[in-house]
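# Structural features, examined
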Amino acid sequence: AQTVTQSQPEMSVQEAETVTLSCTYDTSENNYYLFWYKQPPSRQMILVIRQEAYKQQNATENRFSVNFQKAAKSFSLKISDSQLGDTAMYFCASAYSGAGSYQLTFGKGTKLSVIP
Amino acid sequence: DSGVTQTPKHLITATGQRVTLRCSPRSGDLSVYWYQQSLDQGLQFLIQYYNGEERAKGNILERFSAQQFPDLHSELNLSSLELGDSALYFCASSAALSGMVNEQFFGPGTRLTVL
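This write-up is about the structure you can find in this document.

## Section: the environment of Cys91(B)
Residue and element names in this part refer to chain B. Along the chain, Cys91 turns up in strand β9 (residues 87–94). Classification of Cys91 by relative accessible area gives buried; the value is 0%. Residues Cys91 and Ser74, 17 residues apart in the sequence, show an inter-C-alpha distance of 8.7 Å. Cys91 has contacts with Val4, Gln6, Cys23, Val32, Tyr33, Trp34, Phe105, Phe106 and Gly107, leaving out every residue within four places of it along the chain.

This is the structure:
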């Protein structure tokens, strides 16, 4: 079984500043994937960034980047130049190919508020 | 717009009733996942179908069942509803079973309220 832990229930950041959201996970699998999803007030789940565990290079998508520490089982999300539209719940998630299914295991989420 | 549609958007019903939630995946996607988001349990995986067949089960109650039809749309049936079943139910679809290309695209969800 996989578990995902997000230890920061709520965070806030000033507009244009940088913020880092923490995530740790536990898995016995070798081939797995990690994700950050954003859920704005509209409740839509939006994929922000993903990381294949076999890749050492940290994933980057525009202002979003991750710090993937495989040995420590840590997967943090850094948001640079924070914008008001970044205000949302952020969920860390993991998946592995168990019998061909990539069901996602989610953390409890971090509520991020960007302050003008 | 993810291309995944879910109906209805909102559903209000009473305890003991039965409801059906519907999901239409993105065109060409064969795999459908159902997730439940509640205040108590957070986001959790319920069940997955692939091309009409059940592929994986998560924390799905025996009162809940699902199916995927030949046109690939899926329905989640919830029966003998309890107050604790109130939640946002998401459907997500992906192209195939394996590989990182298979990002899951989420629908807008169905908000179920059991009174």
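Next comes the rest of the write-up.
## Remarks on the sheet that holds strand β7 (residues 64–68) of chain B
Strand-to-strand pairing in sheets goes through backbone hydrogen bonds, with the strands running parallel or antiparallel. Residue and element names in this part refer to chain B. Read across the open sheet, the four strands follow the order β1-β3-β8-β7; overall the sheet is antiparallel. Strand pairing shows two members of the sheet lacking a second neighbour, β1 (5–7) and β7, which therefore form its edges. Geometrically, the sheet is characterised by an average inter-axis angle of 15 degrees between neighbouring strands, direction not taken into account. Sheet topology note: the strand β3 (residues 19–24)/strand β8 (residues 74–78) ladder contains five bridges and is antiparallel. Bridged to Leu21 within β8 is Leu76.

## Side note on the state of the cysteines
Counted by the stated rule, this structure contains two disulfides over all chains. Here Cys23(A) engages in a disulfide with Cys92(A); their sulfurs sit 2.0 Å apart. Its torsion about the S-S bond being -70 degrees, the disulfide of Cys23(A) and Cys92(A) is classed as left-handed. With Cys23(A) in the loop between β3 (19–21) and β4 (24–26) and Cys92(A) in strand β10 (residues 88–96), this pair connects stretches of sequence that are 69 residues apart. Comparing Cys23(A) with Cys92(A) shows no difference in burial state: the two are buried. The disulfide bridge from Cys23(B) ends at Cys91(B), spanning 1.8 Å between sulfur atoms.

## Section: the nonpolar core
Membership of the largest hydrophobic core comes to 24 residues, with the highest contact counts inside it found for Trp36(A), Phe75(A), Leu77(A) and Tyr90(A). Going through the elements one at a time, β3, β5 (32–39), β6 (46–52), β8 (64–69), β9 (74–79), β10 and β12 (110–115) of chain A are the ones with two or more residues in this core. The residues contacting Leu77(A), other than those within four sequence positions of it, are Val19(A), Thr20(A), Leu21(A), Trp36(A), Ile49(A), Phe64(A), Ser65(A), Val66(A) and Tyr90(A). One finds Val4(B), Leu11(B), Trp34(B) and Ile60(B) within the second-largest nonpolar core, a separate group that totals 21 residues.

## With respect to the environment of Gln39(A)
With respect to the helices and strands, Gln39(A) occurs in strand β5. Remark: the alpha-carbon pair of Gln39(A) and Thr5(A), spanning 34 residues in sequence, is separated by 17 Å. Ignoring sequence-local partners within four residues, the contact set of Gln39(A) consists of Gln44(A), Met45(A), Ala88(A), Met89(A), Phe91(A), Gln37(B), Leu88(B) and Phe90(B). At 3.0 Å, the side chain of Gln39(A) forms a polar contact with the backbone oxygen of Arg43(A).

## Regarding the interface of chain B and chain A
Contacts between the two partners involve 24 residues from chain B, matched on the other side by 19 residues from chain A. Each partner contributes to the roughly 1800 Å² buried at the junction of chain B and chain A, and carbon and sulfur atoms together form 56% of this total. If you look at where chain B meets chain A, you find one salt bridge. Residue Arg50(A) is joined to Glu103(B) by a salt bridge in which the shortest nitrogen-to-oxygen separation is 3.9 Å. Inspection of the chain B/chain A interface yields five residue pairs in polar contact (both at pLDDT 80 or more). Breaking the side of chain B that touches chain A down by element, the ones donating at least two residues are β4 (31–38), β5 (42–50), β6 (53–57) and β9 of chain B. Each residue belonging to the side of chain B that touches chain A can be placed in one class, and the counts come to eleven nonpolar, nine polar and four charged.

Cut-offs and rules
- Residues numbered from 1 in each chain as written.
- Chains lettered and ligands numbered in written order.
- Predicted model: local features only at pLDDT ≥ 70, side-chain atom pairs only at ≥ 80, totals over all residues.
- Heavy atoms only, no water.
- Helix = DSSP H or I, 4+ residues; strand = E, 2+ residues; numbered from the N terminus.
- Buried < 20%, exposed > 50% of the residue type's maximum accessible area, 1.4 Å probe, protein only.
- Contact = heavy atoms within 4.5 Å.
- Pairing = 2+ DSSP bridges.
- Axes fitted to C-alpha atoms, helices over the stretch in contact; angles between N-to-C directions.
- Disulfide = S-S within 2.5 Å.
- Core = buried A, V, L, I, M, F, W, Y, C linked by side-chain atoms within 4.5 Å.
- Polar contact = N/O pair within 3.5 Å; in protein donor to acceptor, adjacent residues only side chain to side chain.
- Buried area = accessible area lost by both parts, 1.4 Å probe.
- Salt bridge = Lys/Arg side-chain N within 4 Å of Asp/Glu carboxyl O.
- Nonpolar A, V, L, I, M, F, W, Y, C, P; charged D, E, K, R; others polar.

Read these as geometric descriptors, not functional statements.
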